[in-house]
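# Coordinate analysis (summary)
Okay, here's what each chain looks like letter by letter:
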Amino acid sequence: MEKNEKFSREGYLNENYHYFHLRDTAGQERDFHFHEFDKIVILVSGRVDYVIESRSYALLPGTVLLVKHHAIHKAIIDKKEPYERIIIYLDRKFFDRVLPEARLGYCFEMADKSGKELLMPGKEQEEALAAILKAYEKAQKDTGYGAEAMRDTLIMQLLILIGRMSAVVDEETETTYDPKIQEALSYINENLSRELSVEKLAEQVYLSKYHFMRLFKAQTGTTVHAYVRQKRLLYAARLIREGMSAARAASESGFSDYSAFHRAFKESFGVSPGSLRE
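Rules and cut-offs
- Residues numbered from 1 in each chain as written.
- Predicted model: local features only at pLDDT ≥ 70, side-chain atom pairs only at ≥ 80, totals over all residues.
- Heavy atoms only, no water.
- Helix = DSSP H or I, 4+ residues; strand = E, 2+ residues; numbered from the N terminus.
- Buried < 20%, exposed > 50% of the residue type's maximum accessible area, 1.4 Å probe, protein only.
- Contact = heavy atoms within 4.5 Å.
- Areas by Shrake-Rupley, 256 points an atom, 1.4 Å probe, with all protein chains shown as cover.
- Phe/Tyr/Trp six-rings, centres within 6.5 Å; stacked < 30°, edge-to-face > 60°.
- Lys NZ or Arg CZ within 6 Å of the ring centre and 35° of its normal.
- Pairing = 2+ DSSP bridges.
- Axes fitted to C-alpha atoms, helices over the stretch in contact; angles between N-to-C directions.
- Expected span 1.5 Å × (residues − 1).
- pLDDT = per-residue confidence, 0-100.
- Salt bridge = Lys/Arg side-chain N within 4 Å of Asp/Glu carboxyl O.
- Parallel < 35°, antiparallel > 145°, perpendicular 65-115°, else oblique.
- Left-handed = near helix turned anticlockwise from the far one by under 90°.
- Nonpolar A, V, L, I, M, F, W, Y, C, P; charged D, E, K, R; others polar.
- Core = buried A, V, L, I, M, F, W, Y, C linked by side-chain atoms within 4.5 Å.

### Re the overall build of the protein chain
Check the secondary structure of the protein chain and you find twelve helices and nine strands. Out of the 278 residues in the protein chain, the part that is buried amounts to 49%. Intrachain contacts of the protein chain at a sequence separation of at least 6 include 72% that bridge at least 24 residues. With the model as given, the accessible surface of the protein chain reaches about 14500 Å², and the carbon-plus-sulfur share is 49%.

In structure tokens, the structure reads:
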């Protein structure tokens, strides 16, 4: 558990992937957050809703949820029921290096673009999924020749299966979101360097300021200010990783005060903007 908390808090993955099979009654419910890695959540038992950006999903046992890196998300857990789930953190760059033609991480891109992050496997897919997970958990105890390679290939098989599931997403996947908030989120993502005040966003979607604030908080679980701040920090981090100076990245992502940007960046990522670039 302590290792899981560490990964979640820091938002970085220092392995090619990490596999958790967790059973408890309360779960580890956290506020809205994001990761630098992609995440797979497979519900075994319990009742949990996942909010990803403005979309809300009611998970059922056996469903597979795909959370793309940098997506702001939160799990809402019914603590009255035992909560068992499999969570896999993935460094997509590793799989792109090993099998570039397979595009094993493309399922996350498809899910993000379509707004359908929740996959509901059919009977054959469910059986194949269970077989791979069972084989992987058995392989975790293996210390013999080629054990690590065996585990790697099982994760790759899992990603291939999920990729095939993503290509035929069930149109009845349960997802709820307000069109006005979805429009506001799209506007935020496309205009991070511009003014994104509550007044401006409310005007953009033709709602009163206070009604927009209440609706945004109800839909996303966070305030407009906090959401915009997180999105701007994520964008700045990407620009810095691509080679841009921290000062310019701050400006490009909508921060007018560099010292405020530096404090917020370090608080969010655990490192300074300069350290991230290095």
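Read on for the rest.
### Points about the packing of aromatic side chains
Scanning all chains against the criterion turns up eleven aromatic pairs. Between phenylalanine 37 and tyrosine 89, the ring centres sit 4.3 Å apart and the planes meet at 40°, which makes this aromatic pair tilted. Taken together, the positions of phenylalanine 37 in the loop between β1 (17–24) and β2 (38–45) and tyrosine 89 in strand β7 (residues 83–90) put the pair 52 residues apart, joining distant regions of the chain. Tyrosine 89 matches phenylalanine 37 in its accessibility class, with the two residues each being buried. Look at phenylalanine 255 and phenylalanine 261: their rings are 5.1 Å apart centre to centre, the planes differ by 55°, and that puts the pair in the tilted class. Assigned by exposure class, phenylalanine 255 and phenylalanine 261 land together as buried. An aromatic cluster of three or more residues is present, and its members are Tyr17, Tyr19, Phe94, Phe95 and Tyr136. If you follow arginine 85 out to its NZ or CZ, it ends over the ring of tyrosine 83, 4.1 Å from the centre. Cation over ring: arginine 103 sits above tyrosine 106, and NZ or CZ is 4.2 Å from the ring centre.

### Considering the side chain of threonine 222
Of note, threonine 222 is situated in the loop between α8 (209–220) and α9 (224–241). With relative accessibility at 11%, the residue threonine 222 sits in the buried group. Excluding its chain neighbours within four sequence positions, the residues that come into contact with threonine 222 are Phe32, Phe216, Lys217 and Tyr227.

### Things to note about the sheet that holds strand β8 (residues 118–119)
Taking strand neighbours across the sheet as the criterion, the five strands line up as β1-β7-β2-β5-β8 in an open arrangement whose pairing is antiparallel. If you trace the sheet from one side to the other, it starts and ends with β1 and β8, each paired once. Note: strand β5 (residues 64–67) against β8, two bridges, orientation antiparallel. Bridge assignment links leucine 65 to a residue of β8, and that residue is leucine 118. Along the sheet, helix α4 (residues 123–139) makes contact with β1, β2, β5 and β7, crossing β1 at roughly 100°.

### Some details on α9
Taking 1.5 Å per residue as the helical rise, α9 with its 18 residues ought to reach 26 Å, and the 26 Å between its terminal C-alpha atoms agrees with that figure. Restricting attention to buried positions, one finds in α9 the residues Val224, Tyr227, Val228, Gln230, Lys231, Arg232, Leu233, Leu234, Ala236, Ala237, Leu239 and Ile240. The first or second residue beyond α9 is glycine 243, which carries a positive phi of 110°.

### Brief notes about the confidence of the model for the protein chain
When the pLDDT values of the protein chain are averaged, the result is 85; 89% of them are 70 or greater. For the protein chain, the element scoring lowest by mean pLDDT is helix α1 (residues 2–10), at 37; β5 scores highest, at 96. For the stretch residues 1–10, pLDDT sits under 50, and the model shows 23 contacts to residues farther than four places along the chain or on other chains.

### Regarding the pattern of salt bridges
Summed over all chains, the structure comprises 15 salt bridges. With a shortest N-O distance of 2.8 Å, arginine 92 and aspartate 38 are connected by a salt bridge. Of this pair, arginine 92 sits in helix α2 (residues 92–98) while aspartate 38 sits in strand β2, placing them 54 residues apart in sequence. By relative accessible area, aspartate 38 is classed as buried at 2%.

### Considering the packing of helix α3 (residues 106–114) against helix α5 (residues 147–166)
Closest axis-to-axis distance for the α3/α5 pair is 9 Å, and the angle between their directions is 30°. When the axes of α3 and α5 are compared, the pair comes out roughly parallel. The interaxial crossing formed by α3 with α5 has left-handed handedness. Mapping the contact onto sequence places Cys107, Phe108 and Met110 in α3 and Leu159, Ile162, Gly163 and Ser166 in α5. Among the residues making up the contact of α3 with α5, the classes are represented as five nonpolar, two polar and no charged.

### Remarks on the nonpolar core
Ile40, Val64, Leu66, Leu90 and Phe95 are the most contacted members of the largest nonpolar core, which has 29 residues in total. Secondary structure elements with two or more residues in this core: β1, β2, β5, β7, α2, α3, α4 and α5. Among the elements that take part in this core, α5 stands out by supplying eight residues, more than any other. Of all hydrophobic cores here, the second largest spans 21 residues; its members include Leu192, Val198, Val205 and Leu207.

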